[in-house]
Amino acid sequence: LDLHHADIKPELMTPDYEGTLDKKKNRFRILSLALPGAGIARKFGDESDVHAEEGKSFPPIPPELPSNRLPKEVWSTNVLRMWFLQDRNFHRPIADLRLQVICEKANETALHRACADLLTELVYDATLETSYQASVCQLASHMETSCLGFAFRFHGFDDKLLVLFREIFSVFVSFRGSSGLPKTIQSGRFDACLELLKRKYTNRGTTASSLSNNVRLEAIRRRYWSANQKLESIAELTIDKFMEVSTALLKSFAIECFYHGNITSEDAKQ
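Quick caveat, the model's predicted, so the values are computed rather than measured.

**Student:** Which residues make up the pairing of strand E4 (residues 80–86), and what values do they have?
**Tutor:** Strand direction decides the pairing type here: strand E3 (residues 72–76) and E4, joined by four bridges, are antiparallel. Along E4, the bridge assignment pairs Glu 73 with Trp 83. Here E4 pairs with strand E8 (residues 253–261) via seven bridges, running parallel. Within E8, the position partnered with Gln 86 by the bridge is Gly 261.

Okay, structure coming up:
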């Protein structure tokens, strides 16, 4: 921690004080403080990378975890790869399911990225009541888009976690191969979600941190679509065009999945 005298409370400077930043799982202790007007106090010789590489200044690298404490691959096909890890924290009835839906055409054009974002908004809107009821039961879900496709996370009590997953994921895949909007999308919600997405694109980059982040991504990525490019691509978007692009997005995809919780590997496969 880079702290100075002016930033330290008196009780933090006692020799036996230990602080924590994550509810006492990891602790820190103040070993040295920079004098007023001085730079960072470097106690471990970390000015040189050689010292760190030779292990003279930093604690040694811990040994690798045994194979029985690492995620195990329980399913491997061209369409699905799945890893499983048994929960070892008091065997709580909590599970965490994460999926990465990798789409072949996820980042092909700005229109494909924008339609992926709109699909996410429609799924959120269609499952809003279900998600609220699940949150009351300590079940949470999250969905977002990336240059690879779609990312899902479901977290909470394992008894009904997969029920929530099936409910939301079924709405997601209902956009595949459909000639019109799925029945789960109520009348008028397409225009409302489209307008909401346009406003999000318009407000993107209004802060310095957001703008600098977008500039960095545009500089380092080979193909990066800015918010303005995506906004222009959906200026005259119709339902038929959206369904055409959505079908192309979900026509060819693979899933990488990680399931962690107080369950067995056989339960994870099911």
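**Student:** Outline helix H8 (residues 239–251), supporting the account with residue identities and numerical values.
**Tutor:** Its 13 residues place the ends of H8 18 Å apart at the C-alpha level, agreeing with the 18 Å of an ideal helix rising 1.5 Å per residue. All buried positions along H8 are accounted for by Phe 242, Met 243, Val 245, Ser 246, Leu 249 and Leu 250. The arc that holds the buried residues of H8, viewed along the axis, is 165°, so those residues lie on one side. Exposed and oriented more than 90 degrees from the buried face of H8 are Asp 240, Glu 244 and Lys 251.

**Student:** Can you tell me about the environment of Ser 141, naming the residues and giving the values?
**Tutor:** Locating Ser 141 in the fold gives a position in strand E6 (residues 139–145). Looking at Ser 141, the relative accessible area reads 25%, which means it is partly exposed. C-alpha separation for the pair Ser 141 and Tyr 124, spaced 17 residues apart in sequence, amounts to 9.9 Å. Setting aside its immediate chain neighbours within four residues, Ser 141 contacts Ser 131, Arg 153, Phe 154, Leu 164 and Ile 168.

Parameters at a glance
- Residues numbered from 1 in each chain as written.
- Predicted model: local features only at pLDDT ≥ 70, side-chain atom pairs only at ≥ 80, totals over all residues.
- Heavy atoms only, no water.
- Pairing = 2+ DSSP bridges.
- Helix = DSSP H or I, 4+ residues; strand = E, 2+ residues; numbered from the N terminus.
- Expected span 1.5 Å × (residues − 1).
- Buried < 20%, exposed > 50% of the residue type's maximum accessible area, 1.4 Å probe, protein only.
- Arc of directions from axis to C-beta.
- Contact = heavy atoms within 4.5 Å.

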